[in-house]
Structures are given as C-alpha cells and as structure tokens.
Amino acid sequence: MAAALRLGALLLLLLPPFRAAEPSVEPAASAENRAAARAQPRSGPAPVTDVAKLCVCDLLVAECDVNCCCDPDCSAADFSLFTTCSVPIVTGDSRLCSQKAATYSLDVEANPPERIFKLIDHVNPSVFCIHTTNYKQALSFSSPEMPTAENFDQLLKEFGSSSFSAEPDSWNTDTDAQNLSDVNETYRYEYGVPIQTVDAFLRLPSPVVSSWCSDANPAGFLVNQATKCIRSVSVEKCGNIQAVSMLFYTNSSILAVPKSSQMVNITVQSIVVQSLNGMRTLLNGSDVLRLPMILDELCINIVLGVSYHITYTDAGEIIEAAASFVLGAINKEALSIQQSFEISFTQSTSNQDCLAVQGARTPILFGYNMISGCKLRITAAMKCQPLTQTLLDLLKGQSFPEYVASFGNSQAQDVLDWVPITHLHTSEQSSCQIPVSLEIEVKWTKYGSLVNPQARIVNVTATITTTTLKQLPSGRERTIPITSSVVFTDISSPAEPGYKAWPTINVKLPFDFFFPFV
C-alpha cells in the first residue's frame, strides 16, 4: 500500500522524454494583414429555394386555402375575406445567420382588405448559425443521378464498392481571403488531427458498417490504432487492386506540418513474407518494392498487414515515417483476405537513447492521454535476459505501484478506496522475448450526485507487449522503438435520478383493536 500513489498528484510514471500537447499559439500578424483579411468579402450560403415561391400552407391543388396568404391560387377577392395570415413569415434554412424572408400580412383598413407581401433580410438571433459556407451543396440533398445505359459503368466505378467518399471534387472557397489570412501563420499537428499527405491524408483502412475494408479512415496524430478488415480479392485481378500493393501505402508523402510544403517520405522498414501455411520469413533487403504478381496460379506479394511508425518532435512536426509490411500469397480458391493495420508514434528529442535516460520520469495527470518513448539500439553483443530486465526497469521504473486511489482524497487506511493494478502480458511464442511497450488503461466513472458527480477510478490495467529478439550477425545493429502510454476511458452509465423510499410507519395495534367488529 505504501507504493500506491494518490490520484490528482502522481498516478504513474511514463518513459521520458515527453511533453504534453500544448494549445497552438497564433503568432502575431501585422495589423495591415488582419485588416485586409477582414475586408475581403466572404462567400455567404447560396439560397437553396426561392422563399417568394415557397408556401407551406398550400395544401389544396388548384384551390385557395383559407387564410394562406402565400397561396398562388388565391385571388384579391379571396384575400379580402381572410381574417389573418396563418403563415406570416416564410424563410429558407433556419441554420443561416442571414437570409431572405417573405412576410405576409393583411391591411384591414383598406376597402376591401388587401394582402401585403414584403421580401426582407432576416437575421438569425442565434449565435450558432452558419455565416459563410464553402460547399453550397451541404445545405440540401442533391438529386441522385439516375443510372442509364450510358453512365452505368461510370456510376458503378464510383459507387460500386462497399464504401465511397462523399468529399466534393472542389471546394468553393474565397481563396484570396484564405491565403491572405494565412500570412505568417505557423501550423503544427495536434492530438487527433488527421495526418495530411500530398494528395489527402494518411489512410488507415478499417471496417465501417460491415467487416469489409474502407480506405476513407484517416490516421489521427498521436492516436495509436490497430484495425482488421476483409478485402475482396481474386488471382486474376490481383495486379489491378491497389489496396493489396505496397505502392498504395508508400507512394504518398506526408506533410511535416499541416498546410506546408515540407514533405516526409514513407520508408520501408521491414518486409515479412508469409507462406500459404502461415510460416513467416523476414527478408534481408527492404529497399525494393515487391508488387503483386501471378506466379504458378498464385498471386504473391499481396499486402496482408501494414504497421506505420511515425516520429515527431515536441513542436508537433513529423520528421520520420516508416512502414513495415507483411506480404502473402493467395490461390484461385481465395475470394477475400484479412488485412491488419497499425500505427504508432514516438517523440524525437536530442537524446533518444533509452539506456541513456534511465531514471527520468514524467508524471501522469488524471484525464490526460499521454504517450512517450525512446529508441533502443540493439547490437549483436547484447544478451536476451539482461536486456529484458533492463527494459522492464525502464518501462515500469524502480518502484511500480500496486494500487491506485479511487478518489483524489482517498486515505491510506481506507482499504476499499484503493484499486489494484492488473498486469497483463502479450507476447509471441519464441525463445527470446523483450518488452517494447507499456500500455496503461485507466477506467473511471462518475460517482455521486447528479449535480456534482465525482471521478472515481474503478479499474487500472498495465499491459506489457513483447516482441521477438532475433540474433543479429556480428557487426550488425538494429533500432527498435520503446513506448509507454496511458489512456483514460469513461465507462459511466447514463445518469438516472434516484429518490429515497417513502417512510413506513411500523405501528403495532392491540389484538382487540377492532373488537367487536372483527
């Protein structure tokens, strides 16, 4: 119990070096640039419908609806008999900040009474409204294109897969105003922001609705992900399926920071070939792309798994990107394959050597997801057992706690207020396994009153992941990333109000109280 740490102070300790993601600070721009940017005209949302022709109370066909002042079937004689306008104002989209509105009223002082129609500028008083838009079709449902004999092949190519992108080909933006507002602006990646590439963003295929792969899933910065999905394949067309080729995952360069011209190429770190019976072999050379090809009625070199490793700086800049591949083969009987994808991140500093930074720790604060790491250089002279113990001490520290406080003010003598840490290990079957990552998951829930709920930790899991260490030839070196992370998961159930039970009166009456009636 003495090793336990208090919630709100130091929960656990992570590997150095790490700096929490700081909010981006906009650099000071000149007053002339800002004034010119504000003076540029912004493109307002285009009206979807003509409010002067829109009438929601026109229900009868070719007949005048009573008190419907916007009904085109009503004549001046009909308006003179109206007592009021059932719909006094007609607007288009209520989400817009400013738009045209048609107003209807009756001039009862006229003889006979007349309808008054005005077209005015209507201002939405809500602060949550659309002021400008860069995609005019977003405010309405576009009419689908009907398939014909001429356009069927084109529609099948665009919408025939299990998923497709709804992103427009072009965005109607005011480029002059946008470019002027971006003068002297510094960009950086922040947590969860999609990693941008030259053509779009770094894709991490994943299942969406079904188990089939969708290539529209962006990889978020500092978000470790691991996905598995099913891909439809065939031996005859394996060379034409982009998603099973190494080139599909390496031919696009990553932007070092968003909206920059500095690019980072994706390098191939390793290639593992898997046979039809599941045996895997690590190739010595990884500098040559192995593209899918048909050999002896088999399609070889198809991608079964991709593992990205991104190295970034504390300024939110990506400096390295590497990909490890697992390639396999399929025969004519195979109609689909299962692909797996992973992405991990390591922070780069002036000193990345894990063995040189032992002892330095970073505190974990409640509610903040964190990740840190370093690089380990392995030589042929290193032995498995001493290296394993060194890495365990590096990941867990000298005095890893056994308990964590449920509340921020838990006392040491309150035994039930302390949660034991569950230790898990994930490893492969081999003679030498070295730990490469420590993943801590903290599950918490809201506890207490609905008005002022308190955070309560209910479960803490520490997972050590190991990998196989193969004997290196003499004189060879290998560098592997060592990472540690913590994730906070809210498992609170939907809040329900609870009330105390009505008090019961426990009164005993004399046995002859109802005599002589009973």
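Fair warning: this is a prediction, and the values are worked out from it, not measured in the lab. (Residues numbered from 1 in each chain as written. Predicted model: local features only at pLDDT ≥ 70, side-chain atom pairs only at ≥ 80, totals over all residues. Heavy atoms only, no water.)

Engineer: Any chance you could explain the overall build of the protein here in plain terms?
Structural biologist: Broken down by element type, the protein carries six helices and 22 strands. For the protein, the proportion of its 518 residues judged to be buried stands at 34%. Summarising the internal contacts of the protein: among those between residues at least 6 apart in sequence, 67% fall at separations of at least 24. Total accessible area on the protein is roughly 32,200 Å²; 55% of this is exposed by carbon and sulfur atoms. (Helix = DSSP H or I, 4+ residues; strand = E, 2+ residues; numbered from the N terminus. Buried < 20%, exposed > 50% of the residue type's maximum accessible area, 1.4 Å probe, protein only. Contact = heavy atoms within 4.5 Å. Areas by Shrake-Rupley, 256 points an atom, 1.4 Å probe, with all protein chains shown as cover.)

Engineer: Looking at this structure, how should I read the pairing of strand β19 (residues 418–426)?
Structural biologist: For a regular strand, side-chain orientation follows a simple rule: the groups alternate between the two sheet faces. The sheet contact formed by strand β18 (residues 403–405) and β19 spans three bridges and is antiparallel. In the sheet register, Ala405 faces β19, and the bridge partner there is Trp418. Here β19 pairs with strand β21 (residues 454–468) via six bridges, running parallel. The partner of Ile421 across the bridge, within β21, is Val460. (Pairing = 2+ DSSP bridges.)

Engineer: Teacher, can you tell me more about the state of the cysteines here?
Structural biologist: Throughout this description, disulfide means a covalent bond between two cysteine sulfur atoms. Per the counting criterion, the structure on display carries eight disulfides. Disulfide pairing places Cys57 opposite Cys68 at an S-S distance of 2.0 Å. Taking the torsion about the S-S bond as the criterion, the Cys57 to Cys68 disulfide, at about 80 degrees, is right-handed. With Cys57 in the loop between α1 (31–39) and α2 (76–79) and Cys68 in the loop between α1 and α2, this residue pair connects regions lying eleven residues apart in the sequence. Pair check on accessibility: Cys57 and Cys68 agree, each one buried. With a sulfur-sulfur separation of 1.9 Å, Cys97 is cross-linked through a disulfide to Cys129. Between Cys97 and Cys129, the disulfide has an S-S torsion of 100 degrees and is therefore right-handed. Residue Cys97 is located in the loop between β2 (89–91) and β3 (98–107), and its partner Cys129 is located in the loop between β4 (114–123) and α3 (152–159); the two are separated by 32 residues in the primary sequence. (Disulfide = S-S within 2.5 Å.)

Engineer: Can you walk me through the packing of aromatic side chains in this structure?
Structural biologist: Given two aromatic rings, their pairing is described by the distance between the two centres and the angle made by the two planes. Counting across every chain of the model gives eleven aromatic pairs. Arranged with centres 5.3 Å apart and planes meeting at 25 degrees, the rings of Tyr189 and Phe221 form a pair that is stacked. Note that Tyr189 is positioned in the loop between α4 (175–181) and β5 (206–207) and Phe221 in the loop between β6 (213–214) and β7 (225–232), a separation of 32 residues in sequence. When sorted by exposure, Tyr189 lands in the same class as Phe221, which is buried. Here the aromatic residues Tyr189, Phe221, Tyr312 and Phe345 are joined through ring pairs into a cluster of three or more. The ring of Phe201 has Arg203 lying over it, and the distance from NZ or CZ to the ring centre is 5.1 Å. Across from the ring centre of Tyr447, 4.9 Å away, lies the NZ or CZ of Arg456, which sits over that ring. (Phe/Tyr/Trp six-rings, centres within 6.5 Å; stacked < 30°, edge-to-face > 60°. Lys NZ or Arg CZ within 6 Å of the ring centre and 35° of its normal.)

Engineer: Mind showing me how you'd approach the environment of Thr466 here?
Structural biologist: With respect to the helices and strands, the residue Thr466 is situated in strand β21. Each C-alpha atom, one on Thr466 and one on Ile434, is 5.2 Å from the other, the two residues being 32 residues apart in sequence. In terms of polar contacts, Thr466 uses its side chain to reach the side chain of Gln433, at 3.0 Å. (Polar contact = N/O pair within 3.5 Å; in protein donor to acceptor, adjacent residues only side chain to side chain.)

Engineer: Explanation requested: the confidence of the model for the protein in the structure shown.
Structural biologist: In low-pLDDT segments, the atomic positions of the prediction should not be examined closely. Mean pLDDT over the protein works out to 79, with 81% of the residues at or above the 70 mark. Every residue in residues 1–42 scores below 50 in pLDDT, and together they form 103 contacts with partners more than four places removed in sequence or on other chains. Here residues 168–184 scores under 50 on pLDDT; set against residues more than four positions off or in separate chains, the count is 24 contacts. (pLDDT = per-residue confidence, 0-100.)

Engineer: What is the right way to look at the nonpolar core in this model?
Structural biologist: Across soluble globular proteins, nonpolar side chains show a tendency to be buried alongside one another. One finds Ile195, Ile254, Tyr308, Phe325, Ile343 and Phe345 to be the most contacted residues of the largest nonpolar core, which totals 33 residues. Secondary structure elements with two or more residues in this core: β8 (254–255), β10 (266–274), β13 (298–312), β14 (318–330) and β15 (336–347). Not counting the four nearest positions on each side in its chain, Phe345 is found in contact with Ile195, Gly220, Phe221, Leu222, Val223, Asn224, His309, Ile310, Tyr312, Ile371 and Thr483. (Core = buried A, V, L, I, M, F, W, Y, C linked by side-chain atoms within 4.5 Å.)

Engineer: When you look at the sheet that holds β18 in this model, what are you seeing that I'm missing?
Structural biologist: As summarised here, the arrangement of the six strands in space is β17-β22-β20-β21-β19-β18, forming an open sheet in which the pairing is mixed. Since the sheet does not close on itself, it has two edges, and those belong to β17 (370–379) and β18, each with one partner. The sheet shows a mean angle of 20 degrees between the axes of neighbouring strands, direction not considered. One ladder, built from eight bridges, connects strand β20 (residues 433–447) with strand β22 (residues 477–490); its direction is parallel. Residue Ile440 lies in a different strand from β22, and its bridge partner there is Val486. (Axes fitted to C-alpha atoms, helices over the stretch in contact; angles between N-to-C directions.)

Engineer: What is the right way to look at the pattern of salt bridges in this model?
Structural biologist: Close approach of charged atoms lets side chains of opposite charge pair. Under the counting rule described, the total for this entry stands at five salt bridges. With a shortest N-O distance of 2.7 Å, Asp121 and Lys100 are connected by a salt bridge. With Asp121 in strand β4 and Lys100 in strand β3, this residue pair connects regions lying 21 residues apart in the sequence. Two residues, Arg231 and Asp215, come together in a salt bridge whose shortest N-O distance is 3.0 Å. (Salt bridge = Lys/Arg side-chain N within 4 Å of Asp/Glu carboxyl O.)

Engineer: Looking at this structure, I do not really get unusual backbone geometry. What am I missing?
Structural biologist: Generally, phi is negative for residues other than glycine and the peptide bonds are trans, each holding for most cases. Going from Asn111 to Pro112, the amide bond is cis rather than trans, its omega being 0 degrees. Position of Pro112 among the secondary structure elements: in the loop between β3 and β4. In this structure, Lys259 takes a positive phi of about 60 degrees despite not being glycine. Tracing the backbone shows Lys259 in the loop between β8 and β9 (263–264). Unusually for a residue other than glycine, Asn301 sits at a positive phi of about 65 degrees. Take Asn301: it is sitting in strand β13.

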